[in-house]
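Residue-level structure breakdown
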Amino acid sequence: MKRKKVLWLSSIITTLSAITTGFGFFVTNRLMYIKNKDANFIYDRELKAQRFDENWFQNCKKEEMSIDSPNGYAIKGIFLEPLQTKNTIIICHGVTENKINSVRYARMFERLGFNSFIFDHRRHGESGGKTTSYGYYEKFDIAAVVQTVKSIVGDDAIIGIHGESMGAASMILYAGLIEDGAHFYIADCGFSNFSELVSQIVKKETILRTQIPIHLANLFLKIRDGYSMKSVTPKEAVRNIQSPMLFVHSMEDDFILPYMTKEMYEEKSEPKMLKLFEKGVHAQSFNQNSQEYEEIVQQFLEKYIFVQELEKEIS
């Protein structure tokens with residue numbers, strides 16, 4: 001009888017262990033190997049929405065570039081130079097997207113007086129990299145991109161970074177944890193806490209209501225990809241950023257909730273600005289409010305960037 005109880009208990013422990021392991025692999029696979037959108041789908045979507053001007057893109061002065069990532073792969077990007085200026089914006093796309101999604105912002109910044117560098121994050125588009133890490137490894141790639149752009153345009157150029165969703169989080173982690181290397185930053189619908197975001201997604205997509213799945217996922221993520229969710233917390237990193245930052249979000253976003261941008265805005269020291277749009281689901285603030293979006297970016301630049309450059313010239 002005693003032997004049967006031991007075998008029964010052993011069977012339960014083995015089953016629970018198998019379930020735990022299976023769940024850990026399932027969640028981390030979803031995170032690490034998230035399905036990216038097809039490149040042709042992105043191209044056609046932007047073209048049909050008239051956010052991508054094929055004629056402009058083909059005729060714009062540009063240079064395709066490959067930058068060595070400190071993580072050991074190539075970062076593929078394009079330097080777009082429609083203007084005779086050294087001022088440059090680096091544009092970081094969101095998860096599952098690619099650099100073509102960034103062209104809509106490049107056109108806006110062209111009207112505001114900037115050339116642009118668009119690129120594919122690791123494991124996106126044409127860039128290398130085995131996993132998506134939501135900013136942990138991406139921040140080192142951004143550092144390599146910034147250094148390369150600076151080597152091209154020189155020290156007297158104004159350098160800005162625009163990030164959308166995961167791109168915003170990666171940008172903040174770069175500026176807050178590696179170097180505050182740009183003159184300004186624009187964070188559009190970024191998350192403030194990766195662990196919190198994953199927890200919200202798990203609750204939304206499953207019936208689980210405890211933090212146990214997140215602890216398991218975190219453990220497996222550390223084992224499999226070398227980092228913990230805690231190390232992807234932009235609201236802590238943003239405290240270290242001194243350069244001006246504009247925070248943007250739309251109130252209809254139900255994927256990354258607007259409160260996350262509000263949290264980061266509150267943590268960031270001056271100078272800073274916040275704009276919350278009424279219309280637009282996740283990563284749609286620009287698409288749904290393009291004129292107002294451009295106006296707030298222009299106000300931000302005039303208040304914090306262009307006036308400083310004018311003061312330098314006068315002095």
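For the structure given in this document, a descriptive report is provided here. Since this is a predicted model, take the numbers as computed values, not measurements.

1. With respect to the pattern of salt bridges
Applying the stated criterion across every chain, the model contains 15 salt bridges. The partner of lysine 37 in a salt bridge is glutamate 97, with the nearest N and O atoms 3.2 Å apart. Of the two residues, lysine 37 sits in the loop between α1 (2-32) and α2 (39-48) while glutamate 97 sits in the loop between β3 (88-92) and α4 (103-111), which places them 60 residues apart along the sequence. On the basis of relative accessible area, glutamate 97 is assigned to the buried category, the value being 10%. Note that glutamate 46 and arginine 45 form a salt bridge whose closest N and O atoms lie 2.9 Å from each other. Each of Lys37, Arg45, Glu46, Arg51 and Glu97 takes part in one network of salt bridges that share partners.

2. Comments concerning the side chain of asparagine 115
One can find asparagine 115 in strand β4 (residues 115-119). For asparagine 115, a relative accessible area of 1% puts it in the buried group. One polar contact links the side chain of asparagine 115 to the main-chain carbonyl oxygen of threonine 85, over a distance of 2.9 Å. In this structure, asparagine 115 is in contact with Phe79, Leu80, Glu81, Pro82, Leu83, Thr85, Asn87, Thr88 and Ile89, ignoring residues within four places of it in sequence.

3. Some words on the packing of aromatic side chains
If you walk through the whole model with that rule in mind, you get 20 aromatic pairs. Here phenylalanine 114 and phenylalanine 306 contribute two aromatic rings whose centre-to-centre distance is 6.2 Å and whose plane-to-plane angle is 25°, an arrangement assigned as stacked. Here the residue phenylalanine 114 occupies a position in the loop between α4 and β4, and phenylalanine 306 occupies one in helix α12 (residues 290-314), the gap between them amounting to 192 residues. Look at phenylalanine 300 and tyrosine 304: their rings are 5.7 Å apart centre to centre, the planes differ by 65°, and that puts the pair in the edge-to-face class. Here the residue phenylalanine 300 and the residue tyrosine 304 both occupy positions in helix α12, the gap between them amounting to four residues, near one helical turn.

4. A short note on the layout of surface pockets
In this structure, the largest pocket encloses a volume near 570 Å³. Contributing to the lining of the largest pocket are 26 residues, with Arg30, Leu31, Ile201, Glu205 and Phe255 lying nearest its centre. Residue assignment for the lining of the largest pocket shows that the elements contributing at least two residues are α1 and α7 (194-205). Tallying contributions element by element places α7 first for the lining of the largest pocket, with eight residues. There is about 240 Å³ of room inside the second largest pocket. Considering the residues around the second largest pocket, the lining is formed by 17 residues, among which Lys37, Glu97, Glu164, His282 and Ala283 are closest to the centre. Partitioned by chemical class, the residues of the lining of the second largest pocket number three nonpolar, seven polar and seven charged.

5. What about the sheet that holds strand β7 (residues 245-250)?
Taking strand neighbours across the sheet as the criterion, the eight strands line up as β1-β2-β4-β3-β5-β6-β7-β8 in an open arrangement whose pairing is mixed. Each edge of the sheet is formed by a strand with only one pairing partner; in this case those strands are β1 (62-68) and β8 (272-277). Averaged over neighbouring strand pairs, the angle between their axes works out to 20° when direction is ignored. Here strand β5 (residues 159-164) runs beside strand β6 (residues 184-188); their pairing, made up of five bridges, is parallel.

6. Some words on unusual backbone geometry
Put simply, glutamate 270 and proline 271 share a cis peptide bond, and its omega is 5°. Following the sequence through the fold, proline 271 ends up in the loop between α10 (258-267) and β8. For glutamine 50, which is not glycine, the phi dihedral falls at a positive 60°. With respect to the helices and strands, the residue glutamine 50 is situated in the loop between α2 and α3 (54-59). Here the phi dihedral of cysteine 189 falls at roughly 50°; this positive angle occurs in a residue that is not glycine.

7. A few points about the packing of helix α5 (residues 138-153) against helix α6 (residues 166-178)
Two numbers describe how α5 lies on α6: the axes approach to 8 Å, and their chain directions differ by 75°. Relative to α6, the element α5 is oriented roughly perpendicular. Across the interface between the two elements, Glu138, Lys139, Phe140, Ile142, Ala143 and Val146 of α5 pack against Met166, Ser170, Met171, Leu173, Tyr174, Leu177 and Ile178 of α6. For the contact of α5 with α6, the per-class residue count stands at 10 nonpolar, one polar and two charged.

Criteria and thresholds
- Residues numbered from 1 in each chain as written.
- Predicted model: local features only at pLDDT ≥ 70, side-chain atom pairs only at ≥ 80, totals over all residues.
- Heavy atoms only, no water.
- Salt bridge = Lys/Arg side-chain N within 4 Å of Asp/Glu carboxyl O.
- Helix = DSSP H or I, 4+ residues; strand = E, 2+ residues; numbered from the N terminus.
- Buried < 20%, exposed > 50% of the residue type's maximum accessible area, 1.4 Å probe, protein only.
- Polar contact = N/O pair within 3.5 Å; in protein donor to acceptor, adjacent residues only side chain to side chain.
- Contact = heavy atoms within 4.5 Å.
- Phe/Tyr/Trp six-rings, centres within 6.5 Å; stacked < 30°, edge-to-face > 60°.
- 1 Å grid on protein atoms, 1.4 Å probe; cavity = no way out; pocket = protein on both sides within 12 Å on 5 of 7 lines; lining within 4 Å.
- Points joined across faces, edges and corners; volume = space filled by probe spheres on them.
- Nonpolar A, V, L, I, M, F, W, Y, C, P; charged D, E, K, R; others polar.
- Pairing = 2+ DSSP bridges.
- Axes fitted to C-alpha atoms, helices over the stretch in contact; angles between N-to-C directions.
- Parallel < 35°, antiparallel > 145°, perpendicular 65-115°, else oblique.

Remember that the coordinates give geometry; whether it matters functionally is a separate question.
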